[in-house]
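Structural overview
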Amino acid sequence: MNTIAKQLQESFIRMFKEEPLIVRSPGRVNIIGEHTDYNEGFVLPAAIDKAAYLAISLRQDEEIHLVAQDLKENFSIGINSLKPVGDISWPNYIVGSAAQFLKRGIPLKGFNAVLTSDVPIGAGLSSSAAVECATVFALNELLQTGLDRMTMVKMAQKAEHEYAGVMCGIMDQFASMMGKKDHVIKLDCRSLAYEYVPFKLEGIKILLLNTNVKHSLASSEYNTRRKECEQAVAWVKEQEPGIHSLRDVTIDMLNKYVWPRDETVDRRSRYVVQEIERLTLGCQDLQNGEINALGNKMFATHDGLSKMYEVSCKELDFLVDAVRDNDAVIGARMMGGGFGGCTINLVKEAAIDGLMATLKPAYEMKMNLPLTHYISSIEEGTLLINDHV
Ligand code: GLA
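A brief report on the enclosed structure follows. All residue numbers refer to positions counted from 1 along the written sequence of the respective chain. The predicted origin of the model limits local features to residues at a pLDDT of at least 70 and limits the giving and counting of side-chain atom pairs to 80 or more, whereas totals for whole chains, interfaces and linings rest on all residues. Hydrogen atoms and water are omitted, and side-chain values are computed over all heavy atoms in the structure.

1. Quick notes on the pairing of strand E8 (residues 194-198)
Between any two strands, at least two bridges found by DSSP are needed for them to pair. Only DSSP runs of H or I reaching four residues or more are called helices, and only runs of E reaching two or more are called strands; each is numbered from the N terminus. Pairing geometry for strand E7 (residues 183-188) and E8, over five bridges, is antiparallel. Bridge assignment links Leu187 to a residue of E8, and that residue is Tyr194.

Here's what the structure looks like:
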């Protein structure tokens, strides 16, 4: 058991006088394929070494008692009156996940839970999906429900929709729950078929650069982007009834049916159609060991997200532009929903210290914000800690 889990176990025992079950569920990165999941395209995520940890045990009554150890906050609610909480966000991820059991007709019991996490919040690393997956997985164990992982992924996603109000795709919860050490996951978000692709590149590391801009715009703009994509599909469908999502749409169809009607909707959907194609080619690059070609596609994704999908911000653009001509940086782009959070960079390991020595002061001087960085390794998805160590 690592130090985080050990300390969590001790706090739980101090608070609730019994031994908890402990589940670890990681944050995620995504190599390429952004804003494609809810358009039934592909994504290429992986679970990382930063994770949410939930210590939990059942109660004898029908109450849920929660503690967020890092924030030093408590929250309680009865299982018969579950509903989203307005002013604080973290209980929603746990309560929303518990609510999914009731919605499936699975009898829920009261429980105590203590949460801690080293996934930075608002950094685009899916700290909320990590908590949702940890909760669903832990309750499945305690209630002995026997759910398979894919069902749990969908329940965790529903918690985000219904309790956090973000109409997210399936990528984050899928990556957290299904991650595999040293592999990225090529996920078809339409059929949910997936394939693990080895991702261990000699001398190259995944470097995350955190703008420290909290993506506060993210949820409303996210839902707007989703609607714009749906609008494009609706217009194409008027002429081509077989169309289901942007996955089925071609550039030619956009030229004919979307561009003449609305320039913004056209730009949004054009980015998605291009990105789905880019991921397919990028995946082939990875499988062929053509890492530079993949890196170039990451830069192209960034440009699309920034100029066409318009979910970037000046801090993210600064960080990508600053490494664009650096030979040690194979590829870089903003990652996740956007409007803040991290860029993901594939960087030659030997050059990381030198890069940070120049980039950090330049960023901090220009943006008046700290620049933090993490070198990520790719780890297993959600697991029961008590059993594994
Ligand atoms: C957020 C959502 C995901 C996905 C990304 C963008 O992380 O939760 O479902 O849509 O944004 O790729």
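2. A few points about the sheet that holds strand E6 (residues 111-117)
In space, the six strands of this open sheet follow the order E5-E4-E6-E3-E1-E13, with mixed pairing throughout. At either end of the open sheet lies a strand with only one pairing partner, and these are strand E5 (73-78) and strand E13 (383-384). We call two residues in contact when some of their heavy atoms are within 4.5 Å. Axis definition: a line fitted to C-alpha atoms, limited for helices to the stretch in contact. Angles are taken between N-to-C directions and run from 0 to 180 degrees. With respect to the sheet, helix H1 (residues 3-16) is in contact with strand E1 (21-30), strand E3 (45-58), strand E4 (63-68) and E6, its orientation differing from that of E6 by roughly 150°. The sheet strands contacting helix H2 (residues 90-103) are E3, E4, E5 and E6, and the helix crosses E4 at an angle near 145°.

3. Considerations on the sheet that holds strand E10 (residues 329-334)
Reading across the sheet, the four strands line up as E10-E11-E9-E12 and stay open at both edges, with antiparallel pairing between neighbours. Both edges of this open sheet fall to E10 and strand E12 (372-376), since each of them pairs with a single strand only. Ignoring which end each strand starts from, the neighbouring axes of this sheet average 20° apart. Here seven bridges tie strand E9 (residues 204-210) to strand E11 (residues 342-348), and the two strands are oriented antiparallel to one another. The residue bridging Leu207 from the neighbouring strand is Asn345, located in E11. With respect to the sheet, helix H9 (residues 291-308) is in contact with E9, E10 and E11, its orientation differing from that of E10 by roughly 25°. Along the sheet face, helix H10 (residues 314-323) touches E9, E10 and E11 and points at about 170° away from the line of E10.

4. Here's the deal with the side chain of Arg268
Summarising the element assignment, Arg268 is placed in helix H8 (residues 263-287). When near neighbours in sequence (up to four residues on either side) are disregarded, Arg268 contacts Arg225, Glu228, Met308, Tyr309 and Glu310.

5. Remarks on the site of the ligand
Around the ligand, the neighbouring residues are Arg28, Glu34, His35, Asp37, Tyr38, Cys168, Gly169, Met171, Asp172, Tyr222, Gly336 and Gly337. The definition of a polar contact used here is a pair of N or O atoms within 3.5 Å, where within protein one atom must be able to donate a hydrogen and the other to accept one, and adjacent residues in sequence count solely through side-chain atom pairs. At 2.5 Å from an oxygen atom of the ligand is found a side-chain nitrogen or oxygen belonging to Asp37. Within the contact set of the ligand, an oxygen atom lies 2.9 Å away from a backbone nitrogen or oxygen of Gly169. Every accessible area reported is derived by Shrake-Rupley at a probe size of 1.4 Å, with residue values counting cover from the shown protein chains alone. Surface burial for the ligand is 93%, taken as the share of its 300 Å² of free accessible area covered by protein chains. Here, proximity means that at least one heavy atom of the residue falls within 4 Å of the molecule or strand.

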